[in-house]
Amino acid sequence: MTILVNRFGKGGALLASLFLLFALLASPAVSSAGGESDAILKEARDALALGHIDQAQVLFAQVPAPGPDGDEGEFVYSRMQLARLFFSTKNMSKARASAEEITAVYPDNAEAKNFIASVDRSVRPEWRQVVDDCIRFLPSLLKGASMTLILVFFTMIVSPIGGLLIALGKLSKTQPFSGISWFIIWFFRGTPLLLQLFFIYYGLPAIGITLSPLASALIGLGINYSAYLAEIIRAGILSIDHGQTEAAKAIGMTYSQTMRRVIIPQTYKRIIPPFANEFIALIKDTALVSTIAMVELMRAADQMFNAYFNITVLVLAAFIYLIFTTAFTLLFEKIEYKVGVYERR
Amino acid sequence: METILELKQVVKRFGSLTAVNHIDLKIKRGEKVVIVGPSGSGKSTLLRTMNFLETIDSGEILFEKQPCGYITRGGNLVLDSQKKLCALRSEIGMVFQQFNLFPHMTVLENVMEGQITVLNKSKAEAKETAYKMLEKVGLPDRSSVYPITLSGGQMQRVAIARALAMKPKMMLFDEPTSALDPELVGEVFDTIRSLADEGMTMVIVTHNMGFAREVADTVIFMEQGDFIAQGTPHEFFSADEIHPRISEFLDKLL
């Protein structure tokens, strides 16, 4: 105080005395506020120690917001304690509100911000969690699924043509066609598709033929399904009444005209149900090409399952397969109805 | 009248059974030949050899005086090339007991099919002919339906129209009314009769004696692969000359 008077001189002494007066008047209030917080906090801690949580909550809430030079520490401490108490009693909205009181004054307070985030995470419903997982996994799964579809569509186009050629070969009485057809059916129906894929992808390089995984997959699926469809087509052709062939012959049709115009169109209705069977099996069989480094739906699901150990990804993959097989079932029912239109009175 | 189709010593065997046994037959242009006989007598088989649906084991078939349908290879008869057979068959119409309409085609398409694929006619031309033929058999209004919606008699008339649309030189009828309900037989016979009146050459296998008597120039009775008797309906059915086997057969029918 004397130093102040000395430094400011007479006028300064006046100013200093005025300041001093103010300080004296003000200081009890400030110190009483600080003291009050201390007292409240002490009381609250005691209550907490005794297990009086309700009382502690009330007391913590009484710690006032800091004034211009209030105590940040006590305020933040009290509100965080309050927030945790609410959190522990699962009163999430109040817990969040308490933490928000801190961020309202100190927007950068990391402790409060983290607390709010974890409150939000814990109040998020389980389905939101699943939705978030789906959003995370779907892009890769759909990418894999599109590869599955490419494999399926290619095989669906190639194998009926291959199957028809093999079937006609087997029905013919001339060698070597019937022998070759017999061999193809015997081999590709008699060995596992997995083995055929391995043979094409890993085995053919030994004789100088190196194929990409996609090419190997397409060739493997194409030939394998041609062999299966060939027998269905052959059965379809044999099931058509012999009178049809005779009628076609009697008006002068050649064998190929008879097949193309009379016999094969009549097989459609009969071979479509077993074709649908085969193509639905095909959708699932494409999963086998994951063994020759192709990333299709199953492989994509497997990779993500191994990375996250999250069952959602497998459920999603199952759903995508079911969507495909359902769509195919409906599509083939429609085709069956259409090609059989001449049999309805 | 010139001969359109001639069979010389035709033999057809099924294993140990001789279905057609050294048959000689001359069919003149415009002639109506009706073949009758008990089941399994070989009459359908004989008819089917005439358009090569049944291959013969020996003998010769001449169409318009030309040996046709077979070539001799190493002492055996072998069917001629597909091209030649198809050309021959397109000139000989055939109607089957079971109609054998193409079920996946409409009535009109059935009648157009051979014209387009075999005769290479344009669609428009084929359609015009098809309508004419359907009119001829009395079914101009059923052209757009599928065969399944037709009665047996209507189906058989469409089958006749389909054969006629090829403008054949002769027609073969293989028991054309045997699969029909009795009340539908008449309409098919009416159609065949009107065709006969136009001078079409035809060979008809049937069990219907009334129709045989009415339409035939020549009636042939066949049994166990052989012709037992043949002659005009008058000779055939007159009581004093009738062959004992035939009268037995006729009695059974009544």
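About the cut-offs
- Residue positions are given per chain, counting from 1 as you read along its sequence in written order.
- Written order determines the labels here, with chains lettered from A and ligands numbered from 1.
- Only residues with pLDDT of 70 or above have their local features reported here, since the model is predicted, and side-chain atom pairs are shown and tallied only from 80 upward, although totals for entire chains, interfaces and linings are computed over all residues.
- Excluded from the side-chain calculation are hydrogens and water; included are all heavy atoms of the structure.
- Helix numbering and strand numbering both begin at the N terminus, where a helix is a DSSP run of H or I of at least 4 residues and a strand a DSSP run of E of at least 2.
- Each residue is assigned to one of three classes by its accessible area relative to the maximum for its type, calculated with a 1.4 Å probe on protein chains only: buried under 20%, partly exposed between the two thresholds, exposed over 50%.
- Note that accessible areas follow from Shrake-Rupley with a 1.4 Å probe, and for residues the cover is restricted to the protein chains shown.
- Residue contacts are defined here by distance: any two heavy atoms, one from each residue, within 4.5 Å place the two residues in contact.
- Buried area is a sum: the accessible area each of two parts loses on coming together, probed at 1.4 Å, counted once for each and added.
- The salt bridge definition used is simple: a Lys or Arg side-chain nitrogen within 4 Å of an Asp or Glu carboxyl oxygen.
- Pairs of N or O atoms within 3.5 Å make up the polar contacts considered here, provided that, within protein, one atom can donate a hydrogen while the other can accept it, and that residues adjacent in sequence are counted only when both atoms are side-chain atoms.
- Paired rings are identified among Phe, Tyr and Trp, the last through its six-membered ring, by centres lying within 6.5 Å, and are further divided according to the angle between planes into stacked (under 30 degrees), edge-to-face (over 60) and tilted (the rest).
- Of the grid points, spaced at 1 Å and generated over the protein atoms alone, those admitting a 1.4 Å probe that cannot get out make up cavities, while open sets with protein on both sides within 12 Å along at least five of seven lines make up pockets; any residue with an atom within 4 Å of a point is treated as lining.
- Grid points are joined across faces, edges and corners, and a volume is the space filled by probe spheres set on the points.
- When residues are grouped by polarity, Ala, Val, Leu, Ile, Met, Phe, Trp, Tyr, Cys and Pro land in nonpolar, Asp, Glu, Lys and Arg in charged, and all others, Gly among them, in polar.

1. Focus on the overall build of chain A
What chain A contains, in helices and strands, is 13 helices and zero strands. Put simply, chain A runs from its N terminus to its C terminus through helices and strands in the order α-α-α-α-α-α-α-α-α-α-α-α-α. Considering chain A as a whole, with its 345 residues, one finds that 38% of them fall into the buried category. Put simply, chain A shows about 19,400 Å² of open surface, and 67% of that area lies on carbon and sulfur atoms.

2. Considerations on the interface of chain B and chain A
At the interface, 25 residues of chain B touch 23 residues of chain A. For the chain B and chain A pair, buried surface summed over both sides reaches about 2,100 Å², with 61% attributable to carbon and sulfur atoms. Viewed at the interface, chain A and chain B are joined by two salt bridges. For A:Glu246, the salt bridge is made with B:Arg48, and the minimal N-O distance between the two is 2.6 Å. Inspection of the chain B/chain A interface yields seven residue pairs in polar contact (both at pLDDT 80 or more).

3. Here we look at the packing of aromatic side chains
Going through the model one piece at a time under the given rule, you end up with 19 aromatic pairs over all chains. On the basis of an interplanar angle of 80° and a centroid distance of 5.5 Å, the ring pair of A:Phe198 and A:Tyr202 is categorised as edge-to-face. Here the residue A:Phe198 and the residue A:Tyr202 both occupy positions in helix α8 (residues 193-203), the gap between them amounting to four residues, near one helical turn. Centre to centre, the rings of A:Tyr342 and B:Tyr146 are 6.2 Å apart; their planes meet at 50°, and the pair counts as tilted. With one member in each of two chains, A:Tyr342 in the segment after α13 (311-339) and B:Tyr146 in the loop between α4 (123-136) and α5 (152-164) form a pair that bridges those chains.

4. With respect to empty space enclosed by the protein
Applying the stated criterion across every chain, the model contains one cavity of 30 Å³ or more. The computed volume of the largest cavity comes to approximately 30 Å³. As for the largest cavity, its lining consists of A:Ala250, A:Ile251, B:Arg89, B:Ser90, B:Ile92, B:Gly93, B:Met94, B:Ala163 and B:Met166. Taken together, the elements giving at least two residues each to the lining of the largest cavity come down to α2 (82-91) and β8 (92-95) of chain B. Tallying contributions element by element places β8(B) first for the lining of the largest cavity, with three residues. Per-class residue counts for the lining of the largest cavity are six nonpolar, two polar and one charged.

5. With respect to the layout of surface pockets
Of the pockets and cavities examined, the largest pocket occupies roughly 990 Å³. Lining the largest pocket are 28 residues, and of these A:Lys173, A:His242, A:Thr245, A:Lys249 and A:Tyr255 sit closest to its centre. Classifying every residue of the lining of the largest pocket by side-chain character gives 14 nonpolar, eight polar and six charged. What the second largest pocket holds in volume is close to 300 Å³. Taken together, 15 residues form the lining of the second largest pocket, with A:Asp241, A:Gln244, A:Gln266, B:Leu101 and B:Pro103 sitting closest to its centre. Taken together, the residues of the lining of the second largest pocket break down into eight nonpolar, four polar and three charged.

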